[in-house]
Structure formats: structure tokens, C-alpha cells
Amino acid sequence: MNVLVTGGMGYIGSHTCVQMIEAGMEPIIVDNLCNAKSEVLNRIEALTGKRPTFYEGDIRDEAFLDSVFQNHDISSVIHFAGLKAVGESVAKPLEYYDNNVNGSLVLARCMRKAGVKSIVFSSSATVYGDPEIVPITENSPTGATTNPYGRSKYMVEQCLSDLFTAEDDWSITLLRYFNPVGAHPSGTMGEDPQGIPNNLMPFIAQVAVGRREKLAVFGNDYTTPDGTGVRDYIHVMDLADGHIAALKAVGEERGLHIFNLGTGKGSSVLEMVAAFSEACGHDVAYEICPRRPGDIAECWASTEKAEKVLGWKATRSIAAMTQDTWNWQSKNPQGY
């Protein structure tokens, strides 16, 4: 089974490619390397014994993407490619709409031309905005997103939903991630952001390994147990397995399929700092800073639908998430 994986050299994409190969699938990777490094391909090969086909290019380049479809008999697409930092999206909204929304439209057009009508889209829990009730189910209200990143994901969901309404022979799966963390247990693959990390776990890891002085904790006055933001953190390996489960369960089934991928439990920023300190064996320095624009107090998933329909459930603990992240960061202090 040949599967086109856009953004397959990135953090979630690369781990998913490893799990796909282990499951007997053939990932064909497209990535412009704007937030990834070519070394990832070597790491995938070292772990699996197979080197995936890789095309360096941008999904907004329609002629390039057409040529990839022409070169391979592709059954389905897993669409990771896009920009993903909440704070950056507030500062650079046009770049986010161009990459995430326009890129997805170009991809859908190329898929239609190639007769490939199965897509698994890397969406986000940010489409739920600031939820009134937790845990969040797939039927919770969407659209009241608080930042351009979340709005771009919501827009792509709407575009794909409208596409299915117009052409109901597609299989469109929207996977709404909560907060991916962790690394491959081998320590050879992990999250390696370019520049200053925008997400919590890689920042903690870089402080712990000495690359950065201290962690900025944005806000300690939320209505949560310790005042810091609460999120549903999910191990990237569990998340990768969720994509394979989705492809197998509904990838060939016509319909619009929507699933939350999370653990169903929330942890605060300070709880994650404490867990990481335990994993690395020393305190992680941090300071309390003002809230960031666009951040919300708490957010975690209801995972019942994914368990029932996909037969998938996150199994890795916070301890495993922090230990695997520290294993990656300590073995790769400067990243890839």
C-alpha cells in the first residue's frame, strides 16, 4: 500500500512513517524541509531497514505534486504538511493561511486529478477553541478558535467537509490531535524544532540539556489546580499508531470520519515540568511569565469514539513521554 505522506520528515510525520513501514505500508514522503532536516531519512532507514522514497518540494507547487502522483500508484494520503506554532501564527497569519489552507487546497486538487480519494488530515484540538465543557467530544462546537493556526486547521476541515458534500465518493478522515510529545524509544528520533521551540516539551528538554537557561511558563492564574494551563499530552508513538489505525479502519470507507486523538486526561504545565525533572534527574529551571495571546485554560479529549471505531487507544504514560523525550534530547543535544 503506497501512501503519500506530506510533511513526512517532520516530527509526527517521521514517527508515523516508521510505524507505517513496520506495518507493511510504503510511505512516499513529500516535504519542503522548512521545519525538518534531511538526516531524518537516515534515521528512518536505520530503524526500519527501509529508506522511504523522498521528494523535496512544496505542496503548494501543483506541477511538482502532480508529478509525484504520476510517478507512483498511490492509494491514500496522510497530510501533515503545514505550519504549527500558535504564537507564530498570531504574528504571521498570512503565512499560516497560505501554507496550511492554500497548500491543502492544492493537494486536494492534485488528488482529484490523480483519482486518489482517500485522505487522513492532521487536524488539531485547537478547532474547538476555548471549550465550555471538558472532556471534548467530536460533537463539541468548533470554529471559535482563538488564533490563526487554529483557524487555518478549522478552515481546512471545512474545505474537506464541503468537498465530501459535493463529491461523496471520498474517504476523508479528520484527526484532531491534542498535544503530541515524546520521542522514539530508541532515542534516535524526536522533536527537533528550528530556532526557539514553540511547544512545551522540546523547550523543557532544551533547558534540561543546557541549551537554554530556563522555561517560560505562560500564566499561573488560570482556573486550574495549580494555575497553569492543562492539556492532554499524547505520546507521538501512540499518535503515529492512531494514523495507521485510521487508514486500516476507514481509509477505504466512503465518508467524513472525525476522531479525537488524545489520552483522555489533562496535565498541567508544572506537572509536566515535575515529570521531566524526575526523568532527567535534576530540576528544570522555569519562570512565570504573562499569558500568551490565544492560549486557553484547559483542554483534554474524550477518546471513546476512536476506541470504538478504530480500535485504538493511547497506552503510553506521562513518565514514558518524558523519559523518551529526555533519551532523545540527551543523545542528540543539538538535534539532528
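Predicted model only: the values in this text are computed from it and were never measured.

Draft legend 1. Quick look at the sheet that holds strand 4 (residues 76-79). If you walk across this open sheet you meet the seven strands as 3-2-1-4-5-6-11, and the pairing is parallel. What marks the edges here is a single partner per strand, and that holds for strand 3 (53-56) and strand 11 (255-261). Sheet twist, expressed as the mean angle between neighbouring strand axes with direction ignored, is 20°. Summarising the sheet, strand 1 (residues 2-6) and strand 2 (residues 26-31) pair through five bridges and their orientation is parallel.

Draft legend 2. View of the domain arrangement of the chain. Annotation of the chain at the domain level lists domain 1 (2-181 + 233-261) and domain 2 (183-231 + 264-301 + 315-331). Contact residues are listed per partner, giving 36 residues for domain 1 and 35 residues for domain 2. Approximately 2,900 Å² of surface area, both sides summed, lies buried where domain 1 meets domain 2, with 63% of it carried by carbon and sulfur atoms. On the surface where domain 1 and domain 2 come into contact, there are four salt bridges. A salt bridge links Lys37 to Asp192, with the shortest nitrogen-to-oxygen separation between them at 3.5 Å. For the side of domain 1 that touches domain 2, the secondary-structure elements that each account for two or more residues are helix 1 (11-22), helix 2 (39-48), helix 4 (86-91), strand 7 (179-181), strand 10 (233-235) and helix 8 (236-250). Classifying every residue of the side of domain 1 that touches domain 2 gives 21 nonpolar, nine polar and six charged.

Draft legend 3. Highlighting unusual backbone geometry. Each neighbour pair has its own omega, and for Val134 with Pro135 the value is 5°, a cis peptide bond. Note that Pro135 resides in the loop between strand 5 (118-124) and helix 6 (148-166). Despite not being glycine, Leu33 shows a phi value in the positive range, around 60°. Examined against the element boundaries, Leu33 turns out to sit in the loop between strand 2 and helix 2.

Conventions adopted
Residues numbered from 1 in each chain as written. Predicted model: local features only at pLDDT ≥ 70, side-chain atom pairs only at ≥ 80, totals over all residues. Heavy atoms only, no water. Pairing = 2+ DSSP bridges. Helix = DSSP H or I, 4+ residues; strand = E, 2+ residues; numbered from the N terminus. Axes fitted to C-alpha atoms, helices over the stretch in contact; angles between N-to-C directions. Domains from an automatic or database assignment. Contact = heavy atoms within 4.5 Å. Buried area = accessible area lost by both parts, 1.4 Å probe. Salt bridge = Lys/Arg side-chain N within 4 Å of Asp/Glu carboxyl O. Nonpolar A, V, L, I, M, F, W, Y, C, P; charged D, E, K, R; others polar.

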